[in-house]
Amino acid sequence: PMGGGGRNQGPHQPRPSAETKMRVGTDSVVYTAPGTWTYTVDTPQGRTGTIVIKEENGSFSGSIKSERMREETAFTTVSVNKNELKMAYTMSFGGNAVPVEINMVIVKEGEMQGTMSFGQARTLNIAAKRSK
């Protein structure tokens, strides 16, 4: 007899692929986004400011202010996907409304870096450290 019985589970059927994928997902650390962050923009003046991110019932909001923009400006959108943050707001510059987009990645607990884009004009590097 040729080993019938319908058992065709030979050793050439690797099963752990799905488990491996899940393990990768659970092992990767997701850092905390909400809090107060002190940021520095990579300009000759080395501009600094504060970003505040709040979470309520799974949705995010926040605000930004800087030396040049002393009034706290609310973000129009804040989205957090694991360690990736996207924030947007509109600033008034010389009488024009300029859309600003900040894309950050939390690289380790209490530290994030990314870019800050001012409309089509220019994109600057930005880094932030949690202060609260």
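Residues numbered from 1 in each chain as written. Predicted model: local features only at pLDDT ≥ 70, side-chain atom pairs only at ≥ 80, totals over all residues. Heavy atoms only, no water.

Peer 1: A description of the environment of methionine 104 should follow, citing residues and the corresponding values.
Peer 2: Note that methionine 104 resides in strand β7 (residues 96-108). In this structure, the C-alpha to C-alpha distance between methionine 104 and glycine 114, residues ten residues apart in sequence, is 4.2 Å. Residue contacts for methionine 104: discarding those within four places in its chain leaves Asn83, Glu84, Leu85, Met87, Met112, Gln113, Gly114, Ile126, Ala127 and Ala128. (Helix = DSSP H or I, 4+ residues; strand = E, 2+ residues; numbered from the N terminus. Contact = heavy atoms within 4.5 Å.)

Peer 1: Let's hear about the sheet that holds β7: which residues, and what values?
Peer 2: Spatial ordering of the open sheet is given by β4-β3-β2-β1-β9-β8-β7-β6-β5, a layout of nine strands whose pairing is antiparallel. On the outer flanks of this sheet lie β4 (73-74) and β5 (77-81), each paired with one strand and no other. In the sheet, strand β8 (residues 111-118) pairs with strand β9 (residues 122-130) via eight bridges, with the strands oriented antiparallel. Paired with methionine 112 across the two strands is alanine 128, which belongs to β9. (Pairing = 2+ DSSP bridges.)

Peer 1: Tell me what's going on with the environment of alanine 128, and back it up with residues and numbers.
Peer 2: Along the chain, alanine 128 turns up in strand β9. Expressed as a C-alpha distance, the spacing of alanine 128 and glycine 49, which sit 79 residues apart in the sequence, is 9.2 Å. Those residues in contact with alanine 128 that lie beyond four places of it in its chain are Trp37, Thr38, Tyr39, Met104, Gly110, Glu111 and Met112.

Peer 1: Outline the pattern of salt bridges, supporting the account with residue identities and numerical values.
Peer 2: Scanning all chains against the criterion turns up three salt bridges. Residues glutamate 109 and arginine 130 are paired through a salt bridge, measuring 3.4 Å at the closest nitrogen-oxygen approach. On the criterion of sequence distance, the pair formed by glutamate 109 in the loop between β7 and β8 and arginine 130 in strand β9 is long-range, its members being 21 residues apart. The residue lysine 129 makes a salt bridge to glutamate 111 at a minimum N-O spacing of 3.2 Å. Of the two residues, lysine 129 sits in strand β9 while glutamate 111 sits in strand β8, which places them 18 residues apart along the sequence. Residue classification places lysine 129 among the partly exposed residues on the basis of a relative accessible area of 48%. On the basis of relative accessible area, glutamate 111 is assigned to the partly exposed category, the value being 21%. Three or more residues are tied together by salt bridges with common partners; here these are Lys108, Glu111 and Lys129. (Salt bridge = Lys/Arg side-chain N within 4 Å of Asp/Glu carboxyl O. Buried < 20%, exposed > 50% of the residue type's maximum accessible area, 1.4 Å probe, protein only.)

Peer 1: Which residues make up the confidence of the model for the protein chain, and what are the values?
Peer 2: In regions of low pLDDT, the predicted coordinates are not meant to be interpreted in detail. When the pLDDT values of the protein chain are averaged, the result is 84; 80% of them are 70 or greater. Confidence drops under a pLDDT of 50 for residues 16-27, and excluding neighbours within four residues, the segment shows zero contacts in the predicted structure. (pLDDT = per-residue confidence, 0-100.)

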